[in-house]
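# Observations on the three-dimensional arrangement
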Amino acid sequence: MAKKKSRLDFINMKKNGEKLTWVTAYDFPMASFAEAAEIDMILVGDSLGMVTLGYQGTIPVTMEDCISHCRAVRRGAPNTFVMGDMPFGSYQVSDEEAVRNAVRFLKEADMDSIKLEGGVRVKSRIKAIADAGILVCGHIGLTPQSSGTLGGFKAQGLDPDSARLVIEDALAVQEAGAFAILVEAIPPELSAFLAKKLTIPVYGIGGGQCDGQVLICGDMMGMFQAFTPKFVKVYANVGETITSAFKEYVEDVRSGKFPGDEHCYHVRKGFEEEYAAMLKEFE
């Protein structure tokens, strides 16, 4: 079993040009599979709202939802660096509330760090959480929680003015004390610039080549089929496999093929006649 990586490992990986691997997970089985594959980092993202809970977006996700799923993931991946995602409403009100909720991830779910969305506008939140001794990862570019203000789930930094704002956000996140930053849906030229400019690791989801990559497990495994973002590479079609298995099960039950004799528990040898006689008593 590989040793759990730390902040220092991530910094050294960046210095050595070694790419970090990062995926989301929301439950015990997926987390255990990720750990068995020696994934460097797991994010219990608020994307669980869509992938696991069936919401249309991430806004309805609560702290209780996140803590519960984080606990399950920690049980499944005890030796992997796991990050909890702060849901909408858990850090927007004040620095104090942001710190309080960040603390919950560590105390109640044994997370190694937290992630929150925004750059310049949440600089004081990041600083307050970092000053409390908690590892913080920033998230800029396309930020799903505030997608409404962005005009929807749209790529960012596609023109000079928009790119300037992304750079300003990145610098604010680093200055505030974040240990890493996630850039979502920005041009590869911009993510490469940020990875070179910043001293902290820059990880991408739809950001081209940078210090590492993250994908949502449901997307890459073909389990979440409502839509597949442009930046996703589908590595399996688990959804199709599961549906096929359910269909075969339905056919087997309806035809009497399942359960077969090999799936049944049998009366202990030597008790067959006595057992039959007992059943006859109740006819």
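Before reading on, note that the structure itself is shown above.
Another aspect to go through is the overall build of the protein chain. A count of helices and strands for the protein chain gives 12 helices and 8 strands. Here the C-alpha radius of gyration of the protein chain, 24 Å, is well above what a compact globule of 283 residues would show, namely 19 Å. Dimensions of the protein chain, computed from C-alpha atoms along their principal axes, come out at roughly 85 × 40 × 35 Å. For the protein chain, the residues scored as buried account for 46% of the 283 residues in total. Of the contacts formed within the protein chain by residues at least 6 apart in sequence, a portion of 56% connects residues at least 24 apart. As displayed, the protein chain offers around 15,400 Å² of accessible surface, 56% of which is attributable to carbon and sulfur atoms. Counting 30 positive and 38 negative side-chain charges, the protein chain places the averaged centre of each group 7 Å from the other.

We now examine the side chain of arginine 74. Examined against the element boundaries, arginine 74 turns out to sit in helix α4 (residues 63-76). With residues near it in sequence (within four places) discarded, arginine 74 still touches Lys4, Thr80, Val82, Ala109, Asp110, Met111 and Asp112.

Counted according to the given criterion, the structure contains 5 aromatic pairs. Centroid distance phenylalanine 81 to phenylalanine 179: 6.0 Å. Interplanar angle 55°. Geometry classified as tilted. Residue phenylalanine 81 is located in strand β3 (residues 81-85), and its partner phenylalanine 179 is located in the loop between α8 (160-176) and β6 (180-184); the two are separated by 98 residues in the primary sequence.

This brings us to the pattern of salt bridges. Throughout the structure, instances matching the rule amount to 13 salt bridges. Among the ionic pairs, aspartate 112 bridges to lysine 4, the shortest N-O distance being 3.1 Å. Pair noted here: aspartate 112 is in the loop between α5 (95-109) and β4 (113-117) and lysine 4 is in the segment before α1 (7-16), with a separation of 108 residues, a long-range link. As a salt-bridge pair, arginine 71 and glutamate 108 come within 3.8 Å of each other at their nearest N and O atoms.

Now for the sheet that holds β6. The 8 strands lie next to each other as β1-β2-β3-β4-β5-β6-β7-β8, forming a closed barrel whose pairing is parallel. Pairs of neighbouring strands in the sheet enclose a mean axial angle of 25°, with direction left out of account. Both β6 and strand β7 (residues 202-205) contribute to a ladder of 4 bridges, which runs parallel. The residue of β7 that forms the bridge with isoleucine 181 is valine 202.

Each value, and the rule that gives it
Residues numbered from 1 in each chain as written. Predicted model: local features only at pLDDT ≥ 70, side-chain atom pairs only at ≥ 80, totals over all residues. Heavy atoms only, no water. Helix = DSSP H or I, 4+ residues; strand = E, 2+ residues; numbered from the N terminus. Rg over C-alpha atoms; globule rule 2.2 N^0.38 Å. Buried < 20%, exposed > 50% of the residue type's maximum accessible area, 1.4 Å probe, protein only. Contact = heavy atoms within 4.5 Å. Areas by Shrake-Rupley, 256 points an atom, 1.4 Å probe, with all protein chains shown as cover. Lys, Arg positive; Asp, Glu negative; His and termini not counted. Charge placed at Lys NZ, Arg CZ, Asp CG, Glu CD. Phe/Tyr/Trp six-rings, centres within 6.5 Å; stacked < 30°, edge-to-face > 60°. Salt bridge = Lys/Arg side-chain N within 4 Å of Asp/Glu carboxyl O. Pairing = 2+ DSSP bridges. Axes fitted to C-alpha atoms, helices over the stretch in contact; angles between N-to-C directions.

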